[in-house]
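# Inside the fold
Listed here are the chains, written in short residue letters.
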Amino acid sequence: MHGITIQNVTKTYLTNGEHSVVKNLTLEIPMGTVFGFLGPNGAGKTSTIKMLVGLSRPTEGTISLLGGTPDDISVRARIGFMPESPAFYGYLTGKEFLEFIAKIFKQAHPNHHIEEILKSVDLGHAKNKQIRTYSKGMLQRLGLAQALINNPDILFLDEPLDGLDPLGRAEVKKIILALKEQGKTIFFNSHILADVEEICDVVGIIDKGVLVAHDTPQSLSIGHKDLEDAFVHIIEQSRKQYA
Amino acid sequence: MLNTIFTIAQNTFRETMRDRILLAALAVVLIIIAFTLFIASISIEQDVRMIVDFGTSAIYILQIFVAIFIGSMLMYKEVEQKTFFLILPKPIRRYEIILGKALGLTATTFTVTLLSTLALFAILLTKGATLFVVPILLSVFLSTLEAMILILISIVFSGFTSPILSAIYTIVFFLAGHAGESLRPLIMFPQSTVIEVVARGIYYLLPNLEKFNIRNDIVFGDIPNATSIIFSLLYALFYASLLFFVASVTFKKKEF
Amino acid sequence: MNSFVKNNSHLFTGIIVILLLAIIVSAQVLYDHSSSMFGKESFRFTIKHRSIIDPKIVKHLAFGFDNVLADYYWISAVQDFTGWDHKEDFYLNYFKNISVLDPEFSYPYLFAILTAPTEKDKASLDKVAEIAELGMATLPNNWEIPFYLGTMYNMFAKDEAKALHYIEIAAKTEGVPSVVPLTYSSITAKKLLGKKTARELMSVIRDTTKSETIKAMAEEGIVLSDITVMLENAIIAYKAKHRTYPKTIENLTAERFVVIPKEITSRFDIIINQKNGEVSIVGK
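This section reports on the structure supplied with the text. Owing to the predicted nature of the structure, the values given are computational and were not obtained by experimental measurement.

### Regarding the overall build of chain A
Along chain A, the regular secondary structure elements total nine helices and nine strands. For 243 residues, the compact-globule estimate of 2.2 N^0.38 gives 18 Å, and chain A sits close to it at 18 Å. Relative to its full complement of 243 residues, chain A shows a buried share of 53%. If you take every contact in chain A between residues at least 6 apart in sequence, the share linking residues at least 24 apart comes to 65%. Summed over all atoms, the accessible surface of chain A reaches about 10,600 Å², with 50% contributed by carbon and sulfur. Each charge class in chain A can be summarised by its mean position, and for the 25 positive and 28 negative side chains these summaries are 6 Å apart.

### Things to note about the sheet that holds strand 3 (residues 34-38) of chain A
All names here are of chain A. In spatial order, the strands read 5-6-7-3-8-9; together these six strands make up an open sheet with mixed pairing. Strands with a single pairing partner mark the edges of an open sheet, and in this sheet they are strand 5 (79-82) and strand 9 (210-215). Within this sheet the neighbouring strands show an average axis-to-axis angle of 15°, counted without direction. Here strand 3 pairs with strand 7 (residues 185-190) via five bridges, running parallel. Its bridge partner lying in strand 7, glycine 36 is registered against phenylalanine 188. Along the sheet face, helix 1 (residues 45-53) touches strand 3, strand 5, strand 6 (154-158), strand 7 and strand 8 (202-207) and points at about 150° away from the line of strand 7.

### What to know about the interface of chain A and chain B
Contact with chain A, which involves 29 residues of that partner, is made by 29 residues of chain B. Counting the surface lost from both chain A and chain B, the interface buries some 2,800 Å², and carbon and sulfur atoms represent 58% of this. Of all residues in chain A, the largest losses of buried area upon contact with chain B belong to Leu55, Tyr91 and Ile104 of chain A, amounting jointly to 24% of the total for that side. Summed over the shared surface of chain A and chain B, the result is one salt bridge. We note a salt bridge from lysine 11 of chain A to glutamate 255 of chain B, for which the minimum N-O separation is 2.3 Å. On the surface where chain A and chain B come into contact, there are 16 residue pairs in polar contact (both at pLDDT 80 or more). Taken together, the elements giving at least two residues each to the side of chain A that touches chain B come down to helix 1, helix 2 (73-76), strand 5 and helix 3 (94-104) of chain A. A per-element tally of the side of chain A that touches chain B places helix 3 of chain A first, with six residues.

### Observations concerning the side chain of aspartate 19 of chain B
Tracing the backbone shows aspartate 19 of chain B in the loop between helix 1 (2-17) and helix 2 (20-41). For aspartate 19 of chain B, the residues in contact, after removing those within four places along its chain, are Ile70 and Lys77 of chain B.

### Considering the pairing of strand 2 (residues 279-283) of chain C
Residues and elements named next belong to chain C. Note that strand 1 (residues 268-272) and strand 2 share five bridges and pair antiparallel. When the sheet's bridge partners are listed, aspartate 269 is paired in strand 2 with valine 282. Counted along the chain from strand 1 to the antiparallel partner strand 2, the turn is six residues long, and its residue glycine 277 has a positive phi close to 75°.

### As for the interface of chain C and chain B
Taken residue by residue, the interface counts 23 residues in chain C and 23 residues in chain B. If you sort the residues of chain C by the area they bury against chain B, Phe63, Phe65 and Asn67 of chain C come out on top, with a joint share of 28%. Put simply, chain C and chain B have two salt bridges between them. Close ionic contact of arginine 49 of chain B with aspartate 71 of chain C constitutes a salt bridge, the shortest N to O distance being 2.6 Å. Our enumeration of links across chain C and chain B arrives at 11 residue pairs in polar contact (both at pLDDT 80 or more). Ranked by residues supplied to the side of chain C that touches chain B, first place goes to helix 4 (residues 66-81) of chain C with 10 residues. The residue inventory of the side of chain C that touches chain B, partitioned by class, reads 11 nonpolar, six polar and six charged.

### A few points about the packing of helix 8 (residues 144-157) of chain C against helix 9 (residues 160-171) of chain C
Residues and elements named next belong to chain C. The N-to-C vectors of helix 8 and helix 9 enclose an angle of 160°; their axes lie 7 Å apart at closest approach. With respect to helix 9, the element helix 8 is oriented roughly antiparallel. For the element pair helix 8 and helix 9, the recorded crossing hand is left-handed. Across the interface between the two elements, Pro146, Phe147, Leu149, Gly150, Thr151, Tyr153 and Asn154 of helix 8 pack against Lys162, Ala163, Tyr166, Ile167, Ile169 and Ala170 of helix 9. Here the contact of helix 8 with helix 9 is composed, by residue class, of nine nonpolar, three polar and one charged.

### Some remarks on the nonpolar core
If you look at the biggest cluster of nonpolar residues, it comprises 146 residues, and the most contacted ones within it are Phe156 of chain A together with Ile87 of chain B. Looking at this core, the element that brings in the most residues is helix 6 (residues 133-158) of chain B, giving 15 residues. Judged by nonpolar contacts, the second largest core, of 61 residues, contains Ala70, Ile75, Ala163 and Val204 of chain C.

### Remarks on the environment of threonine 170 of chain B
In this fold, threonine 170 of chain B is placed in helix 7 (residues 163-177). Between the alpha carbons of threonine 170 of chain B and glycine 180 of chain B there is a distance of 17 Å; along the sequence they are 10 residues apart.

### Some details on the packing of aromatic side chains
Two aromatic rings, taken as a pair, are described by how far apart their centres are and by the angle between their planes. The tally for this structure, following the rule as stated, stands at 39 aromatic pairs over all chains. Where phenylalanine 84 of chain B meets phenylalanine 256 of chain B, the ring centres are 6.0 Å apart and the plane angle is 70°; that geometry is what we call edge-to-face. Of this pair, phenylalanine 84 of chain B sits in helix 4 (residues 84-87) while phenylalanine 256 of chain B sits in the segment after helix 11 (226-253), and the two are 172 residues apart along the sequence. The residues phenylalanine 84 of chain B and phenylalanine 256 of chain B share a single accessibility class, namely buried. A ring pair is formed by tryptophan 74 of chain C and phenylalanine 95 of chain C, whose centres lie 6.5 Å apart and whose planes are at 70°; its orientation type is edge-to-face. With tryptophan 74 of chain C in helix 4 and phenylalanine 95 of chain C in helix 5 (residues 90-101), the pair connects residues that are 21 residues apart, well separated along the chain. On the accessibility criterion, tryptophan 74 of chain C (0% relative accessible area) is buried. What makes phenylalanine 95 of chain C buried here is its relative accessible area of 2%. Each residue in the set Trp74, Phe81, Trp84, Tyr91, Phe95, Phe105, Tyr107 and Phe111 of chain C is aromatic and connected to the rest through ring pairs, giving one cluster. In this structure, arginine 49 of chain B is placed above the aromatic ring of phenylalanine 105 of chain C, and the distance from its NZ or CZ to the ring centre is 3.4 Å.

### Focus: the pattern of salt bridges
Here the structure, examined in full by the defined rule, presents 29 salt bridges over all chains. Between aspartate 66 of chain C and lysine 59 of chain C there is a salt bridge whose closest N-O contact spans 2.8 Å. For the salt bridge of arginine 206 of chain C with aspartate 207 of chain C, the shortest nitrogen-to-oxygen distance reads 3.1 Å. The class of aspartate 207 of chain C is exposed, set by a relative accessible area of 56%. Through salt bridges that share partners, Lys95, Glu99, Glu115 and Lys127 of chain A make up one connected network.

### Description of the pairing of strand 2 (residues 19-29) of chain A
All names here are of chain A. Sheet topology places strand 1 (residues 4-13) next to strand 2; seven bridges connect them, and they run antiparallel. Note that in strand 2 the partner of isoleucine 4 across the bridge is isoleucine 29. What sits between the antiparallel neighbours strand 1 and strand 2 is a turn of five residues, in which asparagine 16 has the positive phi angle 55°.

Rules and cut-offs
- Residues numbered from 1 in each chain as written.
- Chains lettered and ligands numbered in written order.
- Predicted model: local features only at pLDDT ≥ 70, side-chain atom pairs only at ≥ 80, totals over all residues.
- Heavy atoms only, no water.
- Helix = DSSP H or I, 4+ residues; strand = E, 2+ residues; numbered from the N terminus.
- Rg over C-alpha atoms; globule rule 2.2 N^0.38 Å.
- Buried < 20%, exposed > 50% of the residue type's maximum accessible area, 1.4 Å probe, protein only.
- Contact = heavy atoms within 4.5 Å.
- Areas by Shrake-Rupley, 256 points an atom, 1.4 Å probe, with all protein chains shown as cover.
- Lys, Arg positive; Asp, Glu negative; His and termini not counted.
- Charge placed at Lys NZ, Arg CZ, Asp CG, Glu CD.
- Pairing = 2+ DSSP bridges.
- Axes fitted to C-alpha atoms, helices over the stretch in contact; angles between N-to-C directions.
- Buried area = accessible area lost by both parts, 1.4 Å probe.
- Salt bridge = Lys/Arg side-chain N within 4 Å of Asp/Glu carboxyl O.
- Polar contact = N/O pair within 3.5 Å; in protein donor to acceptor, adjacent residues only side chain to side chain.
- Nonpolar A, V, L, I, M, F, W, Y, C, P; charged D, E, K, R; others polar.
- Parallel < 35°, antiparallel > 145°, perpendicular 65-115°, else oblique.
- Left-handed = near helix turned anticlockwise from the far one by under 90°.
- Core = buried A, V, L, I, M, F, W, Y, C linked by side-chain atoms within 4.5 Å.
- Phe/Tyr/Trp six-rings, centres within 6.5 Å; stacked < 30°, edge-to-face > 60°.
- Lys NZ or Arg CZ within 6 Å of the ring centre and 35° of its normal.

Right, dumping it as structure tokens:
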């Protein structure tokens, strides 16, 4: 089954002169893979994920998801996306927000499903509280919940562990690992390498818009203390090469 | 498609009805409507006219306020606060979002209009002036059509500019839309071809909003005939369709 | 001391606020007292001027709020009438703007016709007539505008030609009450206007109007008309006795030729024309 295919994708912005945030990116991610997309701040991770979910379009190149493109409604019905620091309608409760999302997916009887999802992200106790009262960790979990509401084939997560305390990170990691057990395809951005090493099957490293490494965490770590050490080395080498 | 549009509309309605600025504006208008009783008392036997004029104008100002200021914030808020990031990747077409937002805000406008119109009727009832019910209902119906056009104009602008600029541009359209009386002499007796062309352009291409204004006539018991009302309704629907199309095209191209 | 203040900070805040409010209110009271704002004479203020948008541009600035703007000017005219010194133009400008913004608003035309003409401005009735003409053009079935105008040309300006012209227009208006054409016929048959018919014309206004305010004005007009006739008869008697016209009204009252109610003398100046003995009653 088709997964994610990124073919020679470049994204260029014209503000303050021409500025490419993603340069000639090519990636093939089969279904059932948990793919970690790593890079320093400003490397192009979020720009890539935005193109994958249809929030922006590549200046050059093509993106294929599940045999279609991110613009296809039928494709978007089968993906889930959790943006970095997701923002919600603060006056709605958690349950109301998920009901709103469920309606967009035209779910006929969403209540039972919503209750299950809220329980799975440990928000059952807060479902009737307004979202503006939620903590950072609760917001992240709700972000994950809305991404799962349609039982997606592919899940895009942008910094899902960002800003969480150790307990919060542990909870979200547990959820992602459970999804991995279910065979979900997950594409996730992060710069917390220890977590990536723990969760991901394959890792891609991007720096200044260029893909500089693409392999399993174990392979990349050969000759290095750990993935973090390998990451720093790869980035330094890449910058020397492109300097 | 209808289900999605209705979902967005319902959410927009819920969101805007809870807006404190809107509730404050509604409260102010209700106070003004009550205040018309005092204005009536100092007007020397023109009490019913004062209540009708000031009451319908207060309702109209509320509608314009909702359309221009709440409308300008509608898309901008979602872009700035990034709540759109949760919506756009869902199986929803961008034009469905535009239409849902426009319908939701129109529903909000209709609701606050209904509340303030009922308040006005209550005031008129104290004067025994029940003859104005139908003319006032017609007047607020037509001004709601005008508000719908202004909502779509502010949505068009709020998709790509700040709320302040969006509000300013919408106000310019509003003023131009009511400048027909001033433009007609320039068209009929032009001082130069350039002035005539510009005047005609503004008169015919920008929304001609004065046709939705019957507030000046209802106080004399004059209401437009059915043909006029139907033409106004068709004009509103077609102009709204044009604006919706423009908003959809600009929003479709927008990247985040 | 510091700890006492800290522990009772809300109390001290309240005391300071109340103290400041008391000072502010006292300052306002002293100011009002110094400028007699609430004194007995305070309501006899005179408005020197008002800044009113030119009628030529006011319509272009209405942006759909023509009727409300007209109402605003109407209320302003009503409020400012008491303080108008009968010299400044602003009072008439209110009505000009009303006629431009809402030419079908009929009541202000009538009010302007009855209240705007003033002895202090001889051209005032003609200026009012300009405004009223617009009303007549917009409301061709309104007989009251030309009738009231004709009445004022008769009573105030003593211009018989114009008075007859307007009363004739009123008499020929569709749907006019029968008393109007009857009055017109009566006047033309007798070939006289002037003081005797002034009462008749004012009576028509009093009897046909639905407005209590205009009724009161018409009744006052009738009273003034009767007083004028009474005074002129007294002046004729005075002249017969003294072979000269009385210089002031006091000359008449002192010799009991006439008794004038104080209510009239307090509100009006009575001027006797030394050339022909005609009486003018002018508002103070």
